[in-house]
Amino acid sequence: MAHIHDLTALEQAAAVRSRELSPVEVTEHYLHRAERLDGLVGAFVTLTAERALDQAREQEARLAGGDSGDDPGDLPPLLGVPIPIKDLNLVKDVPVYFGSATYEGFVAPVDDSVVERLRDAGTIMLGKTNTPEFGLPCYTETYVGEPARTPWDLARSAGGSSGGAAAAVAAGLAPAAQGSDGAGSIRIPASVCGLYGIKPTRGRISSAPIVPDLAGLSTNGPISRNVADAVALLDVMAHNNPGDLYWAPPPALGSFSAYVGREPGRLRIARYATPVVSGTEIHPDVLAAYESASAVLESLGHEVVDIAPPFGEDMVPQFEKLWFSFACMHPVDEEMEPKLRPLTAWLRERGFAVPAPGFLQAQSALQLATRLALLVTDEYDAVLTPTVTQPPVPVGWFEDVDSPEETFERMKHFAPFAAMYNVSGQPAVNLPLYWTPGGLPIGVMLAGRFGDEGTLISLSAQVEESVGGFWGDRRPPIW
């Protein structure tokens, strides 16, 4: 048999069900890899080894119960599969830092509902994955752990804010991972780590019970090596709770997994590569990835059409007001404020200066811009853009400047495409289709109509198969 970490999450689930592998065996394999390799990639901020092994033993007991006559079909779909949780999410009785030294010593009092869903699906939590302070930057460098690094080049950043989740999956420290995305935080690290990531439709996954969904910018979502694993996680994670401000329509086929392997038909796909942030330059390798993806889509029989950018530059200052304001959502005691990173302190200073009418006016302007943009994008089945504007950048690059304001400008120019779909609420995915001559991954992004993850999934699976299962079966040197 292949090494356990060579198997996909669904292959591991099948092997556990058939008794070819045991949950304890799988869990121990990943824990040993994490102990040996995590110091190189900075994927985890907290490993919960004893808790994970206890869960694995419980799963083994459940399997043994199946031998006594229980219907194997009643077993959870991902029984025995290790899935780490991002450290912006609450797991009861486990420390949570939110990427910040200001929360050292804080232990989560409850589970997030998405954590409950993953546990009910039979997954095993290996630990909490690394994330930047309050999930605000698009790179993962903190005062509470090592920088998250892409396994394709350990001198380069794994992106953010789901940088630790992506680093874990790309390094073979987990078969797939839960992440979250407020301005590209799943798609950016998926791009720089050579992975498939899904930002679901707004309202698809509840953030209950504590985290509010005020502007609907952020959502949980999956990161994996292949389409089928990500979609299996999406099926598990999708849910709503009383009090949610946003709800998404259920998949027409009953599950998202039903779209994997389903022919999408001939689609009309719009594309543009003009960043919404003025003055942004796109690296030639990124443009090469964009053109290569367009050629793949056309080779599959789809119509690819150039369009003008549906979102205008006037969205940027309005989005900034929301981002500054949401930087203030986590309460920080005054005596702990010196422990904030400079960028976070700078963002919060501006956020506290945004008046309530200014916040509402910004959100109103963004909704108007979204309504106008959807008049354009809804004419197409999907929209293709770059995910980021550069190949993976060196660790420290974002802060190798003279001020937090310059760091923020670098962030804006690095990832100007992704946040627009957090504003509109549309689903979007990163496709890991391209590697530079030097072996660095560069993704492209596909966005779909609101509520229509199904088309994106069918198209993603078709593209994945066309280039060779699992995107050509590439593995980083650390694998």
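Residues numbered from 1 in each chain as written. Predicted model: local features only at pLDDT ≥ 70, side-chain atom pairs only at ≥ 80, totals over all residues. Heavy atoms only, no water.

Q: Now, about the overall build of the protein chain: what can you tell me, with residues and values included?
A: Looking only at helices and strands, the protein chain has 15 helices and 11 strands in total. The C-alpha radius of gyration of the protein chain comes to 21 Å, within 12% of the 23 Å expected for a compact globule of 479 residues. If one aligns the C-alpha atoms of the protein chain with their principal axes, the spans along those axes are about 65 × 60 × 45 Å. Intrachain contacts of the protein chain at a sequence separation of at least 6 include 78% that bridge at least 24 residues. As displayed, the protein chain has an accessible area near 17600 Å², and 52% of this comes from carbon and sulfur atoms. Separation between the mean location of the 34 positive side-chain charges and that of the 60 negative ones in the protein chain comes to 2 Å. (Helix = DSSP H or I, 4+ residues; strand = E, 2+ residues; numbered from the N terminus. Rg over C-alpha atoms; globule rule 2.2 N^0.38 Å. Contact = heavy atoms within 4.5 Å. Areas by Shrake-Rupley, 256 points an atom, 1.4 Å probe, with all protein chains shown as cover. Lys, Arg positive; Asp, Glu negative; His and termini not counted. Charge placed at Lys NZ, Arg CZ, Asp CG, Glu CD.)

Q: Explain the packing of helix α10 (residues 342-352) against helix α12 (residues 404-414) to me, using residue names and the numbers behind them.
A: Contact geometry of α10 with α12 gives a least axis separation of 9 Å together with a crossing angle of 90 degrees. One finds that α10 runs roughly perpendicular with respect to α12. Residues Pro342, Leu343, Trp346 and Leu347 of α10 touch α12, and the partners they reach there are Pro404, Glu405, Thr407, Phe408 and Met411. For the contact of α10 with α12, the per-class residue count stands at 7 nonpolar, 1 polar and 1 charged. (Axes fitted to C-alpha atoms, helices over the stretch in contact; angles between N-to-C directions. Parallel < 35°, antiparallel > 145°, perpendicular 65-115°, else oblique. Nonpolar A, V, L, I, M, F, W, Y, C, P; charged D, E, K, R; others polar.)

Q: Residues and numbers for the environment of arginine 410, please.
A: Along the polypeptide, arginine 410 turns up in helix α12. We classify arginine 410 as partly exposed; its relative accessible area is 25%. Note: C-alpha distance between arginine 410 and glutamine 318 (92 residues apart in sequence) is 18 Å. A polar contact is formed between the side chain of arginine 410 and the backbone oxygen of tryptophan 397, at a distance of 2.6 Å. (Buried < 20%, exposed > 50% of the residue type's maximum accessible area, 1.4 Å probe, protein only. Polar contact = N/O pair within 3.5 Å; in protein donor to acceptor, adjacent residues only side chain to side chain.)

Q: Would you mind going over the pattern of salt bridges in detail, with residue names and values included?
A: Across all of its chains, the model carries 16 salt bridges by this definition. Residue aspartate 111 pairs with arginine 119 through a salt bridge whose shortest N-O separation is 2.9 Å. Given the relative accessible area of 14%, aspartate 111 is considered buried. Judged by its relative accessible area of 29%, arginine 119 is partly exposed. (Salt bridge = Lys/Arg side-chain N within 4 Å of Asp/Glu carboxyl O.)

Q: Can you explain the sheet that holds strand β6 (residues 219-224)? Please cite residues and give values.
A: The 8 strands are arranged β4-β6-β5-β10-β11-β9-β7-β8 in an open sheet whose pairing can be described as mixed. In this open sheet, the two edge strands, each paired with only one partner strand, are β4 (176-181) and β8 (303-306). Strand after strand, the sheet turns through a mean of 25 degrees between neighbouring axes, direction not considered. With 4 bridges connecting them, strand β7 (residues 268-271) and β8 associate as parallel partners. (Pairing = 2+ DSSP bridges.)

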